[in-house]
Amino acid sequence: MDEGLLWWQRGIIYQIYPRSFQDSSGDGIGNLRGILQRLDYLESLQIDAIWLSPIYRSPMADFGYDVADYTAIDPIFGTMDDFDRLLDAVHRRGMKLVMDLIPNHTSDQHAWFIESRSSRDSAKRDWYIWRDPAPDGGPPNNWLSMFGGPAWTLDEHTGQYYLHQFARQQPELNYRNPEVLRAMLDVLRFWFDKGIDGFRIDVIWLLLKDEDLRDEPLNPTWDGIQPHAQFEHIYTQNLPGVHDLIRALRRVTDEYENRVLIGEIYLPVEDLVTYYGDEDEVHLPFNFQLVELDWKAPVIREAIAAYERSLPERAWPNWVLGNHDRHRIATRAGAAQARAANMLLLTLRGTPTTYYGEEIGMENVPIPLALMQDPPALNQPEMAHVVGRDPVRTPMQWDDSPNAGFTHPDATPWLPLAADYETRNVARQDAEPASMLNLYRALTALRCQEPALYRGAYQAVEAGVDDVLAYLRTADGHARFLVVLNLGSSQHTLDLSAAGSTAQIAIASDLLRAGNVDLAHLALGPDEGLVLRLD
Ligand code: NOJ
C-alpha cells in the first residue's frame, strides 16, 4: 500500500514543545500526561509522528536543552512511567514518537560536568573543552556565544575556561575524546531499546570545533544586529570531521528497525545536503528555507528549485514552516498568509514538519520584559525583542475558558496566553467548517490519500505573475495536482492553460470555493491558495 515508502517519508511530523502543549497537574507547565490527554486531537490532524522537544532531567536554564541526565524524565514533565504510557498510547494509535537528542552540550549540573570541573586531573576533564586563559587572563579566543557574550566561562576553582556556544550552563562536550561518543551512543541505545522511533538531533553541525581553537574571522557582510553574526563561524560549525560522528550515530540507529534521525542544521542548501552522507548520515537534514527566507514568491520559488537541484539521488526531501526558535509563520508572513503557507508546506515534495499551534494560525505573543524567560533575551535585554524566543512558545490555545484549557483555570501559565485565545482556539475552529484547523485537516487528509502529493514529482509552473507560486505534483497512473498560491495581497487572473484546460478545486484556502475552474482565466484572490485536481 505504501509503495515501499518508510513512515518518515510518507508521514507528517508534528512538533510539541512540552512545556506549552497541555498541563494536567495545575502547575502551569505542560507535561506528558497532558500530551496523553490530547492524542485524540493529534490523531484528528492525521499527523504521523510527534517530535517532543526535550523532556530529560534538566535545571531548565535553556528549558530542557540543558540536560542533566539523558536517561531520566524531568519531574516537571512526569515520570518514566508516564513516558512509557505515552509511548505505548502513541504506538497503539499507529503514530510514532521522536525524541530530541542534545549531544553537543550537557547541563553544568550533569554528573559528567560536575566531575570534569572538579579538578584538572579529573578522569572526565577531557570530556569537555577546557583551555587556559589568554595571556591577559581573558577567554582563550574570540568565539562568541549565540546567547550573548563570549563562548567561554572561567571556572575560578581550576583556573581554566570551558566552552559553551549557548548559555554558560550548557558546557560543550569534547567529541575528540572517543569516550564521549561512546557515552552518547549508549544514550541512543537506551531510548531505541525502549522503542522510540527516532531522534531530532540538536545543533548537529556544531558537534566538532577546531582543534587549535583559532580565532574566527570577521564577517564582511555582518548586518550589525546579532553580535554572534559578526564572525564567520568557520572554526565552530560544519567542520569536515563532524560527518564521522554522525555516521557513528547512524550505525547505532541502523541496528534497530525503521528508526529515523533528523538533524537540526542551519546551513546553505549545498552544505545542508552533505548531511545525508552516502545514505549513512541523517535521514532528514532539516530544511529550514521556509523558516529563514523572506516570504516572497520569487525567493521561495528559487529556494525550492535550488533544493530540488541539490538533493542527492535517493535523498528524501523535507520542509519546515516553524519551530520553537523562529517567529511563527502567521507573524512572519502575516495572518492572511498563514493558510497559503500551510498549503505550501503540505503540498511540497518531502516530509512536512508542523510546529504546534500553526494549524490554528497562532501568532507570536509579545512578552513584557518582566515575564521573559528565554536566556538569549535575558542575557541581552537591549535586544530581547529581537532574540527572545518566548513569543513562539506560549500555551496552546485549546478553548475560550480561562487559561485556554491549557492548564487549570486558577493556575498561572509559565508564559502568558495570546490575547486572542478566546477567538482563536481549537474548540472554536473545530466547530467552524471553514476554519484554518479544518483547512489543515483537509490538506493532511488529501496528502495522505494522494500518491502525487506524498510521493510524486514536483515541477514548477510559470504563472506569469511575480506574487504567485504554481507547481505540479504528479505520480504515474494517479491524479495530478496543480497548486497555485498567491503570496501577495493583490488579485490576479492567471493563464495556466499550459497545465490543462479545466481543473477541479480539491481544496481552496477559504474552504468555500468549489467546483471547476477555467485554467486559461483563473481568478486568484489576495492570499488565496488552490489545490487543483487535473484529472
Ligand atoms: C537549538 C535548539 O532548537 C534551541 O532551542 C536551543 O536553545 C539550542 N539548540 C541549544 O541547545
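Calculation notes
- Residues numbered from 1 in each chain as written.
- Predicted model: local features only at pLDDT ≥ 70, side-chain atom pairs only at ≥ 80, totals over all residues.
- Heavy atoms only, no water.
- Domains from an automatic or database assignment.
- Contact = heavy atoms within 4.5 Å.
- Buried area = accessible area lost by both parts, 1.4 Å probe.
- Salt bridge = Lys/Arg side-chain N within 4 Å of Asp/Glu carboxyl O.
- Polar contact = N/O pair within 3.5 Å; in protein donor to acceptor, adjacent residues only side chain to side chain.
- Near = heavy atom within 4 Å.
- Areas by Shrake-Rupley, 256 points an atom, 1.4 Å probe, with all protein chains shown as cover.
- Core = buried A, V, L, I, M, F, W, Y, C linked by side-chain atoms within 4.5 Å.
- Buried < 20%, exposed > 50% of the residue type's maximum accessible area, 1.4 Å probe, protein only.
- Helix = DSSP H or I, 4+ residues; strand = E, 2+ residues; numbered from the N terminus.
- Axes fitted to C-alpha atoms, helices over the stretch in contact; angles between N-to-C directions.
- Parallel < 35°, antiparallel > 145°, perpendicular 65-115°, else oblique.
- Nonpolar A, V, L, I, M, F, W, Y, C, P; charged D, E, K, R; others polar.
- Pairing = 2+ DSSP bridges.
- Expected span 1.5 Å × (residues − 1).
- Phe/Tyr/Trp six-rings, centres within 6.5 Å; stacked < 30°, edge-to-face > 60°.
- Lys NZ or Arg CZ within 6 Å of the ring centre and 35° of its normal.

By domain assignment, the protein separates into domain 1 (7–106 + 178–437), domain 2 (111–163) and domain 3 (457–533). Computed from C-alpha atoms alone, the centre-to-centre distance between domain 1 and domain 3 is 31 Å. Contacts between the two partners involve 20 residues from domain 1, matched on the other side by 24 residues from domain 3. Between domain 1 and domain 3, the buried area comes to about 1,700 Å², and carbon and sulfur atoms account for 64% of it. Per-residue buried area on domain 1 facing domain 3 is highest for Arg301, Met343 and Thr347; these three make up 32% of the total on that side. Linking domain 1 with domain 3 are 0 salt bridges. There are 8 residue pairs in polar contact (both at pLDDT 80 or more) connecting domain 1 and domain 3.

Lining the immediate environment of the ligand, one finds 14 residues, of which Asp62, Asp202, His324, Asp325 and Arg389 sit closest. In the model, an oxygen atom of the ligand is placed 2.9 Å from a nitrogen or oxygen of the His105 side chain. At a separation of 2.5 Å, an oxygen atom of the ligand approaches a polar side-chain atom of Asp325. Considering the ligand on its own, with 300 Å² of exposed area, one finds that the protein chains cover 97% of that surface.

Let us now look at the nonpolar core. Counting 150 residues, the largest nonpolar core has Tyr14, Tyr41, Leu42, Phe83, Phe199, Leu344 and Met396 as its most contacted members. Considering every element that reaches this core, the biggest residue donor is helix H6 (residues 178–194), with 9 residues. Setting aside its immediate chain neighbours within four residues, Phe83 contacts Leu32, Ile55, Ile73, Leu97, Met99, Trp191, Lys194 and Ile196. Leu494, Leu519, Leu522 and Leu524 belong to the second largest nonpolar core, which has 21 residues in total.

Turning to the packing of helix H4 (residues 80–92) against H6, a few remarks are in order. Helix-helix packing is characterised by the crossing angle of the two axes and by the distance between the axes. It is at 11 Å that the axes of H4 and H6 come closest, and there the two elements cross at 55°. Judged by the inter-axis angle, H4 sits oblique to H6. Contact residues: Met80, Phe83, Asp84 and Leu87 in H4; Phe190, Trp191 and Lys194 in H6. The residue makeup of the contact of H4 with H6, split by class, is 5 nonpolar, no polar and 2 charged.

Let us look at the sheet that holds strand S13 (residues 351–355). As summarised here, the arrangement of the 8 strands in space is S11-S10-S9-S5-S2-S1-S13-S12, forming an open sheet in which the pairing is parallel. Sheet topology places strand S11 (284–285) and strand S12 (318–320) at the edges, where each strand pairs with a single neighbour. With 3 bridges joining them, S12 and S13 adopt parallel strand pairing. Considered in S13, the bridge of Val320 is made with Thr353.

A few words now on helix H16 (residues 436–449). Between its terminal C-alpha atoms H16 stretches 20 Å, which fits the 20 Å expected from 14 residues at 1.5 Å a residue. Judged by how many residues are buried, H16 sits mostly within the fold: 11 of 14 residues are covered. Taken together, the buried positions of H16 are Met436, Leu437, Asn438, Leu439, Tyr440, Arg441, Leu443, Thr444, Ala445, Leu446 and Arg447.

Before going further, it helps to spend a moment on the sheet that holds strand S19 (residues 516–518). Judged by pairing direction, the sheet is antiparallel, and its 6 strands sit side by side in the order S14-S15-S16-S21-S18-S19 without closing on themselves. Edge positions in the open sheet fall to strand S14 (457–461) and S19, since each of these has one partner strand only. Sheet twist, expressed as the mean angle between neighbouring strand axes with direction ignored, is 35°. H16 rests against strand S16 (481–486), strand S18 (502–508) and strand S21 (529–533) of the sheet, and its axis sits at about 125° to S18.

Turning our eyes to something else, we now look at the side chain of Arg473. Looking at the element boundaries, Arg473 is found in strand S15 (residues 468–474). A polar contact of 3.0 Å, which involves the side chain of Arg473, links it to the backbone oxygen of Ala452. In this structure, Arg473 is in contact with Thr347, Leu348, Arg349, Ala452, Leu453, Arg455, Gly456, Ala457, Tyr458, Arg480 and Phe481, ignoring residues within four places of it in sequence.

Summed over all chains, the structure comprises 27 aromatic pairs. Plain terms: the ring middles of Trp130 and Tyr162 are 5.6 Å apart, the flat faces sit at 70° to each other, and that makes the pair edge-to-face. A residue pair is termed long-range when its members are at least 10 positions apart, and Trp130 in strand S6 (residues 130–131) and Tyr162 in strand S8 (residues 160–163) qualify at 32 residues. Its relative accessible area of 6% is what places Trp130 among the buried residues. In textbook terms, an aromatic cluster arises when at least three aromatic residues are bridged by ring pairs, as seen for Tyr56, Tyr70, Phe83, Trp112, Trp127, Phe190 and Trp191. Stacked on the ring of Trp130, the Lys or Arg Arg125 has its end atom at 3.7 Å from the ring centre.

Bringing the pattern of salt bridges into the picture now. Taken as a whole, this structure holds 38 salt bridges when the rule is applied. With a shortest N-O distance of 3.5 Å, Glu363 and Arg424 are connected by a salt bridge. Taken together, the residues span a long stretch of sequence, with Glu363 in the loop between S13 and helix H13 (375–379) and Arg424 in the loop between helix H14 (384–387) and helix H15 (426–431) at a distance of 61 residues. One network of salt bridges, with partners in common, ties together Asp62, Asp325, Asp374, Arg389 and Arg393.

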